[in-house]
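What follows is each chain in one-letter form.
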Amino acid sequence: MELTLYNTLTRRKEVFAPLQPGHAGIYTCGPTVYAEAHIGNLRSYVFPDILKKTLRRLGFQVRHVINITDVGHLTSDADEGEDKLELAARRSSRSIWDIAEEFTRLYLRDLERMNIEVPPDMPRATGHIPEQIAMIQDLEKSGFTYSTADGIYFDTARLPDYGKLARLRAEGLQEGSRVEMGDKRNKTDFALWKFSPPDSKRQMEWDSPWGRGFPGWHIECSAMSMKYLGQTFDIHTGGTDHIPVHHTNEIAQSEAATGQPFVRYWLHGEHLVLGESSRMGKSEGNFIGLQTLVDKGYEPAAYRYLVLNNHYRKFLTFTFEALKAADTALTGLRRLIAEAGGAPGDLREAESRKSMTPLQEKLLEDLADDLNTPKALATLWTALRDSQVAPEEKVSLAAFAEGVLSLGLFDFSRLEAAPLEVPGEVRALAEKRWAARQARDFKQADELRDELAARGFAMRDGKDGYELTALD
Ligand code: AMP
Ligand code: ZN
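Structure report, in brief. (Residues numbered from 1 in each chain as written. Chains lettered and ligands numbered in written order. Predicted model: local features only at pLDDT ≥ 70, side-chain atom pairs only at ≥ 80, totals over all residues. Heavy atoms only, no water.)

**As for the sheet that holds strand S9 (residues 233–239)**
For clarity, the cut-off: Between any two strands, at least two bridges found by DSSP are needed for them to pair. Helix and strand assignments follow DSSP, with helices taken as H or I runs no shorter than four residues and strands as E runs no shorter than two, numbered in order from the N terminus. Note on geometry: axes are lines fitted to C-alpha atoms, helical ones only across the stretch in contact, with angles between N-to-C directions running from 0 to 180 degrees.
The strand order S4-S3-S9-S10 describes an open sheet built from four strands, whose pairing is parallel. Whereas interior strands pair on both sides, the edge strands pair on one side only; in this sheet they are strand S4 (61–66) and strand S10 (263–269). For this sheet the average axis-to-axis angle between neighbouring strands, irrespective of direction, equals 20°.

**Topic: the nonpolar core**
The cut-off we apply is this: Nonpolar core, defined: a set of buried Ala, Val, Leu, Ile, Met, Phe, Trp, Tyr and Cys residues in which side-chain atoms within 4.5 Å join the residues together. Buried means the residue's accessible area, taken with a 1.4 Å probe over protein chains only, is under 20% of the maximum for its type, while exposed means over 50%, and partly exposed covers the values in between. Note on contacts: a residue pair qualifies if any of its non-hydrogen atoms lie within 4.5 Å across the two residues.
Among the nonpolar cores identified, the biggest contains 126 residues, and Leu55, Leu293, Tyr303 and Phe318 are the most heavily contacted of them. Once residues lying within four places of it in the same chain are set aside, the contact partners of Tyr303 are Ile39, Gly40, Arg43, Met114, Leu272, Leu290, Leu293, Phe318 and Leu323. Core analysis: the next-biggest nonpolar cluster, separate from the first, contains twelve residues, Ala430, Trp434, Leu448 and Met459 among them.

**Quick notes on the coordination of the zinc ion (ligand 2)**
Definition in use: Each metal's donors comprise the N, O and S atoms found within 2.8 Å of it (within 3.2 Å for Na, K or Ca). Water is not part of the atom list, so some coordination spheres may appear incomplete.
Distances from the zinc ion (ligand 2) to its protein donors, namely Cys29 (SG), Cys221 (SG) and His246 (NE2), fall within the range 2.1 to 2.2 Å. The sequence motif formed by the donor residues of the zinc ion (ligand 2) is C-x191-C-x24-H. One end of the pair, Cys221, is in helix H6 (residues 217–229); the other, His246, is in helix H7 (residues 243–258), and 25 residues separate them in sequence. The exposure class assigned to Cys221 is buried, which follows from its relative accessible area of 1%. Here His246 falls in the buried class, since its relative accessible area comes to 1%.

**Overview of the side chain of Lys394**
This is how it is decided: Counting of polar contacts relies on pairs of N or O atoms within 3.5 Å, with two restrictions inside protein: one atom must be capable of donating a hydrogen and the other of accepting it, and residues adjacent in sequence are counted only when both atoms are side-chain atoms.
Tracing the chain through its elements places Lys394 in helix H14 (residues 391–405). A polar atom in the side chain of Lys394 sits 3.1 Å from the backbone oxygen of Leu384. Setting aside anything within four residues of it in sequence, one finds Lys394 in contact with Ala340, Ala383, Leu384, Asp386 and Val389.

**Some remarks on the environment of Met135**
Mapped onto the secondary structure, Met135 falls in helix H4 (residues 129–141). Taking the C-alpha atoms as reference points, Met135 and Leu290, separated by 155 residues in sequence, lie 37 Å from one another. Filtering out sequence-adjacent residues up to four positions away, Met135 remains in contact with Ile219, Ser222, Ala223, Met226, Gln253, Ser254 and Ala257.

**Overview of H7**
Given 3.6 residues to a turn, an α-helix orients residues that are three or four positions apart in the same direction. We count it as follows: Any helix carries an expected span of 1.5 Å times its number of residues minus one.
For H7, built from 16 residues, the straight-helix expectation of 22 Å at 1.5 Å per residue is met to within 8% by its first-to-last C-alpha distance of 21 Å. With twelve of 16 residues buried, H7 lies mostly within the body of the structure. Regarding H7, the residues found buried are Ile243, His246, His247, Thr248, Asn249, Glu250, Ile251, Ala252, Gln253, Ser254, Glu255 and Ala256. The elements touched by buried residues of H7 are H4, strand S6 (151–154), strand S7 (190–195), H6, S9 and S10. Just downstream of H7 lies Gly259, where phi reads positive at about 75°.

Worth remembering: the numbers are spatial, not functional.
This is the structure we're talking about:
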């Protein structure tokens, strides 16, 4: 089975061909740890998780690296403004190391709560200063750098294909953008090393051949990804906001330093945006973190369901209504799995099975099609609701799906204590009502709701499934 991925570099879906047969290296730009991640940030770590688990099901050995940015990311993504961490430290009068540690810990907690597998390699920028300095020295030797009053800069004019990822046109940028020039030669030039200000002391600074200072933001990702994955590696992921500046500059400095292509497949996740109804009170600002959802009684898996039910390359509008619908759908899936006789133990059994059933194969095909998780969820729903599919097969499909989707499908703790006995005729009525709703025949749907109620059942509707509960 082939894996196809949309490559931002070529703007096409391509068949994934690894550098080394059977192996795949993935680098994901990690968080800047000056504040808690918001749910949009977290969305950007779900699709690499699906990618990794899909690759494994396809037989690959995967090495995945997520970095921790704890220095050098300035308040503007370019080279102006203050270091985000220095600013956070000054505002809270805490040490910068303390802040970095706290938000790294909270980030890891959120990954775990979202069932995102935490990679063994999570290098910190401040733990790789010598590697970054060495790379800047390489660039200096090949004449790609120049110095200004405030730092060492990369001369983008020296690289004929600068901006190829974002398809930037140098001329347009020179005229149209509002980038501060300072002493830079070209608007697109960027800092590799910034000098500490002469009049104030930074909490984080290091000696270098060019003087005391700190690395520019982009250089860390080049130095660390190449250290862990090699000069050329398979896949690099991040949010779409990274295309024009951060990833463009990673490519420029890496390819200038090594003379080799840097990354073969660039994958970018589209943003999460807040819908009207998600505006929060003034005191809370506009910030929604995972904890905000948990405090409102949602389990993180419901948010994961919402994310997976939308393709990673499409905008996702977050509203609490959508989250509630995702929560309902997830409960509905769990109930169907429990009804088919699923128990937590089934998971291990099914996962260890060598050969795939046709349904498992179908679900993997959905995922192998540029990580089409909405399609995979639809496949799961259809099979679980199909009376022609044997219960054991439903359970083995669900276990297989769980291995990649990681939704806690076999976690029945939120279902009512006693498993709900649903007589066949009630299920048939529910299916009929669901079909009526799909056909927008709301009159018939209402009649069927009454029929269900007469038998003691209520039906809650999700986006792509429903849940039956006992009427109280
Ligand atoms: P940061 O911590 O700001 O470095 O961002 C961490 C990740 O979140 C990066 O991959 C960003 O591209 C991504 N990101 C930022 N805002 C959003 C958003 N609203 N939706 C999805 N991803 C985002
Ligand atoms: Zn990065």
